[in-house]
Each structure stands twice: as structure tokens, then as C-alpha cells.
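Residue-level listing of the chains:
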Amino acid sequence: MRATLFPFQESALADLHEKIKKAHAYWSEKDPQVISFTAPTGAGKTIIMTALFEDIIFGHAYGVAEPDSVFVWLSDMPELNEQTRLKIESKSEKFRTRDIRVIDSTFDAEYFAPGGIYFLNTQKLGSDKLLTQKSNLREYTIWETIANTAERQPKSFYVVIDEAHRGTFTSSQAENKAQSIMQKFVKGSKEDTLPVMPLIIGVTATPQRFQKLVADTTSTIQKVVVPPEDVRESGLLKDRVIIHFPDIAIGADMTMFKEAVANWKKKCERWQSYCEREEIKKPVRPVLVIQVEDGNEREITQTDLDSCISILEDAIGRRLQAGEVVHTFDKHETIKRHGLDIRRVDASRIEEDEKALVVFFKMNLSTGWDCPRAETMMSFRHANDYTYIAQLLGRMIRTPLARRVESDAELNNVGLFLPFFDENTVKMVEQALRDSEAIVPAETGSHKELITLKRDPAFADVFSDMNLITYRIDSARKQPALRRLIALARALTQDMIAPEARKSTLKKVLDEFESEIAALKKSGKFEEISKAVTGLALRTLTIDYGSSAEGTTDNISEIVELSEFDINNLFERAGKVLGEGLHKEYWVRHAVRDFKDVKTEIIVLTNDNAAMERLESFADKLFNELYDMNKTAFRKLKEDRRDAYKKLALSSTTPIALDWELPPTIDFLIGEDAVILEKHLYIPSDGGEFKVSLNDWELGVIREEMKDEKGAVAWLRNLDRKRWSLEIPYEVDGVVTSMFPDLIVVRADAHGYVFDVLEPHDSSRKDNYPKAVGLAKFAEKHGEHFGRIQLIRKVKGADKRDHFYRLDMGKLSVRNRVRGVISNAELDRIFNEDAQTEE
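Here the residue numbering is sequential within each chain, running from 1 through the sequence in written order. Selection of residues for local features in this predicted model requires a pLDDT of at least 70, selection of side-chain atom pairs for listing and counting requires 80 or more, and totals for whole chains, interfaces and linings are taken over all residues. To get the side-chain values, all heavy atoms of the structure are used, and hydrogens and water are removed first.

### Structural notes on the overall build of the chain
Phase 1: A tally of helices and strands in the chain yields 24 helices and 32 strands.
Phase 2: When we talk radius of gyration, it's over C-alpha atoms, and the globule rule is simply 2.2 Å times the number of residues to the 0.38. A compact globule built from 839 residues would reach a C-alpha radius of gyration of about 28 Å, and the chain, at 32 Å, matches this within 12%.
Phase 3: Taken along its principal axes, the extent of the C-alpha atoms in the chain is 110 × 85 × 50 Å.
Phase 4: Here the chain holds 839 residues, and the buried ones make up 52% of them.
Phase 5: Any two residues having at least one pair of non-hydrogen atoms within 4.5 Å are treated as being in contact. Within the chain, contacts between residues at least 6 apart in sequence are counted, and of these 72% link residues at least 24 apart.
Phase 6: Computed with a 1.4 Å probe, the accessible areas rest on the Shrake-Rupley method; for each residue, only the protein chains presented here act as cover. With the model as given, the accessible surface of the chain reaches about 38,400 Å², and the carbon-plus-sulfur share is 48%.
Phase 7: For the purpose of counting charges, residues Lys and Arg are taken to be positive, whereas Asp and Glu are taken to be negative. His and the chain ends are not included. Charged side chains are reduced to one point each, which is NZ for Lys, CZ for Arg, CG for Asp and CD for Glu. Charge centroids of the chain, computed over 120 positive and 138 negative side chains, lie 1 Å from each other. By the criteria applied, helices consist of DSSP H or I runs no shorter than four residues and strands consist of E runs no shorter than two, each listed in order from the N terminus. Only protein chains enter the area calculation, which uses a 1.4 Å probe; residues under 20% of their type maximum are buried, those over 50% are exposed, and those in between are partly exposed.

Encoded structure:
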């Protein structure tokens, strides 16, 4: 694969292999198998399936190569097939172009050729179509080709039904026809002499669609599901959809269009700046997507395209060039507006058309379209089209770099401009987006609520003085420590942070392999495992004929040594378990020895659970040491490389401390009850006063902190679950989760700036004592980076007035008491005895 799978994609791939293995074990002609693969829009289903195809054809950790396998990919739209074919070609490094074929009307074969991926769409399978009819030019119908291949190789013939990209706005007649044809593969068709397919993989965004397709069948159905939260966490999707609309839907469409163009222009400038700063070889060129009104007999559209072009040219300060503006209208090729030729493009080709910057369309972009470059959308349509707009947004929320941009919050947003909507109809768009097949971004709301803040220049010295620690508790699948360790060492060498890291780490790992293998041999386990995994027990059955005591004798058996071919297969499977080519590194180190002995050692090692657990512990410890030793150097790297190291840290089974680096801009949420407060570290990027929504306790604490005598110079509202927020781990019932303390306060003392962590927390909540313990452990490990680390409660004092009482984990005596707390009642006692006010 040319693409590196995200942990959630690797998990889905492993689940698919497991379900296929079960399907092959259960399969019979009376029990065909179906696998339902459900993943939300934006999860990378095609990439996961490409990896699956490569694994099956060329071999993988879950089984040996099956080079004769055949895949048929069925959808209901030719354009979708073309889009999928192009994506597989671009992501696979093993399949050749000739291995990936779109079946056209000239196709004629008794069987599908082994090792190929064939694309087929339902429009070509009607009874009146060439593919389904014999003629002087056709010996075999497509139905016969499918049936013959399924009969010849039932356990290596895979039919993939692409339900994920079904046309949303196709007619009921067309959809029913496509459904009927797809069901022939699921249920069989006597009319076409087509048997039920032995194994079908349904790729779908919503399980309901595929369940409808396979309803009333005898097939065994197994499920693979990708959780939406894993996709959102990965950075593959935008963080926010920000909807711009007038207070009253008065239809000032061209005024709103100017705002949309300004938003797009700003994104172009910021992307250009970011790509230059990060030295990205293929810069991101944002696309402005413009949905226009329908036309009539005289006009292509009732939207004034001439005015649109004029406004665009005024904004960019130059004439638009041919090819920069395109359209996707049906029945029209190139059209001319405002002296500019506007050519037609297929929706599936927009992303790869790097010259295209502005796209005019009507209602045909919800399917067959995948354009992460689409950053801003303007709709001239009215509120009754809200469902379509929401579904279109679902295709716009992919990130152009397949990762989150940490240093510029604006580049993680999608802008939507709706001049004919008001607050109520915008809420309808939000709800429709939540109901659609797409994953809803972390936040969807209006431009009044979702804003971007920038660093306040007045606090530049505060930011430069920061040397703080945070954690990131990632729910994504964790990677084995051996893989993480070698990947870290390789990265350190490639980035010239530690040029000898890979070499020295590899030596330590291989030394450990040798130590474990020696221990296995000494204990006698090596020979035991070796016989079990590299020997074939051959039994002999003797049948006596012609004697007075006819019968059978069955107790003669012998162990036959596996062939070189089988040993090589087991060796490669062991290599998949170890990862990072470690099996071959071991083989190279022992090149002077008999190759079969060396390979057997690796096979035996990976088949001993205790040895592998010890190796994982060894690698985990070495990873932490190597990471901590070099993490200060990560700050000097470009963002994509810093992100690579962060992902390695996050894939650890235990939380790893990270440098807390606040970015130049952050995304922020303003509630309806927001108040104006001063001295915040970040201020609105477009000017104006800082506003924030705080509850009574939070507001009371920050006002108490801002009194002159306390020496507080600045503060930060630490929002929940933001990538930029301070995050602290704590445990609940043995499961590690995270807290986000509400307030960070900056004070000045004789030595510089001091950063305090303040958490006002209601004592009635069940998570009180686990969070207190988490704060105490955090203070114990990282207290030198911070000042006060306080859990705060609002309590009536002796004077009968409310006061904020603070339990400071920065104090050793308090920390030692809190660290061992196992109940809220115990924490309450400590609070009563040790908490103090600071008024």
C-alpha cells in the first residue's frame, strides 16, 4: 500500500480477515456467506478494501497468499466504479493497471482471470444489455462468466457490493432496478442460471441499506463495523462546519456570495502560507463550491453566473483563467459567461483537476464526488433543499492532507454560506447532517457560535516561556510495542535526530530475540514447539483384504518435515506478527547458518506467547526511553513529522507525556450566555473583545484570580476535548480516561511565569475522587512544570458566606493523602481538613 493505514483501518482490516476465515470454514452450497462491512462516509472504505485485496492476493499475517483469487466490485453507477478504480490504482503498489479492469460491453470470457479486480455496474446487467446476451460476437454472457468462476473457485471468488455510494437522488424506478439486480447475486437467479454467490462483502455506510438487500436469504451474515468516533479522532475529517446566514432570510444573495468568496480567498492564502512554511510538495488549492438554482428552457440556471464571475475576479484582483472555473451541469459542455469559458467536468474528476478552483453545480455532487479540497460552499438555493445541502456537506468534510492541521484552526473548518436560510432552517441543516451517512464533525453551528481565536500579541512572552506537559488519551487501536519501537527508531534516523537510532535499536532487539530463543532451547520448549509448528504428523491406515481377519490397522504415524515452501510461508507469517521486517533482519544477521534453522527459530519464537509478551515489555520500555530522550528535538520539525511522532506515542497502551504546545490559533465555542472578560491568552482573530461562557463557579474563580493582589497576568479557558487543550489522565474502574481542567491561570513571580491548573468541581459528581487521584498523580510526575494544581469547591464558610476552598495537589502533604483515596467520602474528609481559601 502506498498509504499508511490508520489504527482504526488496521483494526477493520484484521476483522475482515477474521470474518473471511470464518466464512470459508462455514461455507457450503446450502450455506452461502455474507460479510456486512459498515463504515461511515469518510472512513476510507476503499483504502481498507484495497489493503484487503493486496493481502489476499500477495499474502499477509493472517494467511498465505492466494494469487488465483478474483474480486468483482459491483455498484449502481459507472462513475462510482471509475472513481473507485482510480483510487485503488493510486493507493496500491502491488496491483498493475491491467489487473484492475472495468467490464464493458465487449467483455467475453468463460472465467475471470485469476488475480484480477473487475468493476461492474448494474446498468450493464439489464436483460436488454449486450453483456447479458449471446451473439455472434459473444460466446459467454456475463452471468455465465460469474457462475463459472464461482463454481470453479468458491473460496477464492469475492463479490463486493458497493452500497456505500448508492445514488441518493436517483429515481425510485432506477433504485428499485439496481436493487433487483444486486439481489440476483445474493439470492441467485434461475432465469440467468446464476447461483447464489459463495461469499459477498457488502460495503455500506448505513447497515440498514445492506440489510434490506440481503433480507429473506439463507446466507450467514457476519458484521464488521467501524465506529464513527474512531474516524473523527483520526484527523481524517474536518473539526467544524461553520454555517453563515443572515439574521433574517431576506435573500441578499450576492452580498452573501461576496462573503463566501472572501472566506475562500482567506483559506487560499492561509493554505498557501501553511504549505510554504511546511514545505509541502503538493500544495493544497482550496475549491469554492457554488450551488446554483435550476434553469428553464431559455437559461441554464436562474442564478446570475456573470455577476458571480465578476465578483470572483474583483476579489482575486485579476481575470480568471480558462480551466479555473468549471461546472457539472448535465447536457452542457463548455459554456461562456462574463467572457470566460467554463468547461464541464465529471464530479469524480474534480479533486485531481488541480487547475479547477471554482465549481458551479446544481444537484449532482452528492454521489460520485470525493473532494477534500472543497473548503467553502455557497448555495443560492432555498431552504426546502436543506436535506441535499446536508448530504453534500457530508462529502466535504474530509481533510485535504488526511490529517488535522495543528497550527491553524481555520484550516480545519468547512464554511457554508446560506443567504436564503434563517436560524430555524439552519437548525434543519444541522439535524439533517446528523441524520445523514456522513460522520458529523465535532462541532456544527453558526458563525456566531464557532469562532477562531489567535494569540494575543500582548502575551507573546508568556507563550515563549511555556514549558508544560499534557497527555492525549486516544481511543484508537494500539500498536504492538515492537512495531512502534522500530518505527520510532527509523523516524529518528530519517529525520537525522539520532542518525544511529535504527542501527542501535535493531541490535538491541535482535539481541533480545537471541536471548529468548536460547532460553526456549534451554527449557526444552523450543523442540516441543518446533515439532508442533514445523512438522506434519502423517498417519498410515492399513486395510487388510483376503485374510481371515479382514479389517484395518491405524496406529502407524510419523512426523514429516515440512517442505521449504511451507517453511517459507510460516516464516513470512511470523514476519507479519513481528512487523517492520524484523524476521528478515534476524535472518541476515545469521546468514552463515543453515537458512531452515534460522527461519525455524523465528517461527518458534512467534509461537510462544510468554516469549512474545516479554519482548513486548522490553520494546515498550525501550520505546519510552528513546522517545523521552529525543522529544525536545521534535519541536524543530515540520508539522507532519511532529504529527508522526505524536501518533506513535498515542498508539502506546499506556499514556505518554507530551509537550503542551499551544498553537497560533485555536477553535473556540461561544454560548448564548457569554460574558466579556479580559486578559485571556487568545482573542478573536477578526478583532473584537473576548467572550466566553462560564458557569457560576468558573466565573467566580477566574474573577477571584484576576484580582490585582494575586499577581495573575493572563488566563486560558481550557475547553473540553480540543486538540489544543490541556489533558490529564485518570482511571475509572481500571480504564484510563481524560479530564480537561477548566482554567489555566498565569502568574508572575521573581523567577518568571508560573502556570496554575484550576479545576472547580461539584462535590456531588461521582467522578470526584478518581479525578482528584488523577490530579495528584499528575502533580507528582510533572509538578515542577506547574504552580498550583487545585481541585476547587464552593462551600459556605464560618461567616455563612460562599467561598472557594482549594485542595492544592502541588503541596506534597496534600498530594500524598489524595493519591490513595478510594471513595468520595474519603476525599470529602481530606477536603474538610486540608482545603483552604485564598481570598
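Once you've had a look at it, read on.
### Some points on the packing of helix 2 (residues 45–58) against helix 3 (residues 78–91)
Phase 1: Where helix 2 contacts helix 3, the two axes come as close as 10 Å, and the packing angle between them is 60°. Between helix 2 and helix 3, the angle is such that the two are oblique. Of the two possible hands of crossing, helix 2 and helix 3 adopt the one that is right-handed. Listed contacts from helix 3 to T46, I47, T50 and F53 of helix 2 are T84, K87, I88 and K91.
Phase 2: For the contact of helix 2 with helix 3, a count of residues per class yields 3 nonpolar, 3 polar and 2 charged. Convention adopted: a line fitted to C-alpha atoms gives each axis, helices being fitted over their contacting stretch, and angles between N-to-C directions are expressed from 0 to 180 degrees. Each angle is binned into one of four classes, with values under 35 degrees roughly parallel, values over 145 roughly antiparallel, values of 65 to 115 roughly perpendicular, and all other values oblique. Should the near helix be turned anticlockwise from the far one by less than a right angle, the crossing is termed left-handed; should it be turned clockwise, right-handed. Lys, Arg, Asp and Glu make up the charged group, whereas Ala, Val, Leu, Ile, Met, Phe, Trp, Tyr, Cys and Pro make up the nonpolar group; the residues left over, Gly among them, are polar.

### Details of the sheet that holds strand 6 (residues 199–204)
Phase 1: Strands qualify as paired when DSSP identifies two bridges or more between them. One open sheet holds the 7 strands; their spatial order is 3-4-2-5-6-1-7, and the pairing between them is parallel. The strands lining the two open edges of the sheet, one partner per strand, are strand 3 (100–102) and strand 7 (220–225). This sheet shows a mean twist of 20° between the axes of neighbouring strands, independent of strand direction.
Phase 2: Direction of pairing for strand 1 (residues 33–38) relative to strand 7: parallel, over a ladder of 6 bridges. Across the sheet, I35 pairs through a bridge with Q222, a residue of strand 7.
Phase 3: Strands in contact with helix 3 are strand 2 (70–75), strand 3, strand 4 (117–121) and strand 5 (157–162); relative to strand 4, the strand with the most contacts, it is inclined by about 160°.
Phase 4: In the packing of helix 4 (residues 142–152) onto the sheet, contacts are made with strand 2, strand 4 and strand 5, and the angle to strand 5 comes to roughly 130°.

### Concerning the pattern of salt bridges
Phase 1: The term salt bridge refers to a side-chain nitrogen of Lys or Arg lying within 4 Å of a carboxyl oxygen of Asp or Glu. If you walk through the whole model with that rule in mind, you get 58 salt bridges.
Phase 2: Residues E514 and R589 are paired through a salt bridge, measuring 3.0 Å at the closest nitrogen-oxygen approach. With E514 in helix 14 (residues 501–523) and R589 in helix 17 (residues 582–589), the pair connects residues that are 75 residues apart, well separated along the chain.
Phase 3: Exposure remark for E514: the relative accessible area of 27% places this residue in the partly exposed category.
Phase 4: A salt bridge links D667 to K722, with the nearest nitrogen and oxygen atoms 2.7 Å apart. Of this pair, D667 sits in strand 22 (residues 665–669) while K722 sits in the loop between strand 26 (712–717) and strand 27 (728–732), placing them 55 residues apart in sequence. Taken individually, D667 and K722 each receive the classification buried, so the pair is uniform in this respect.
Phase 5: A single salt-bridge network, built from bridges that share partners, covers E704, E705, R747, D756, R788 and R806.

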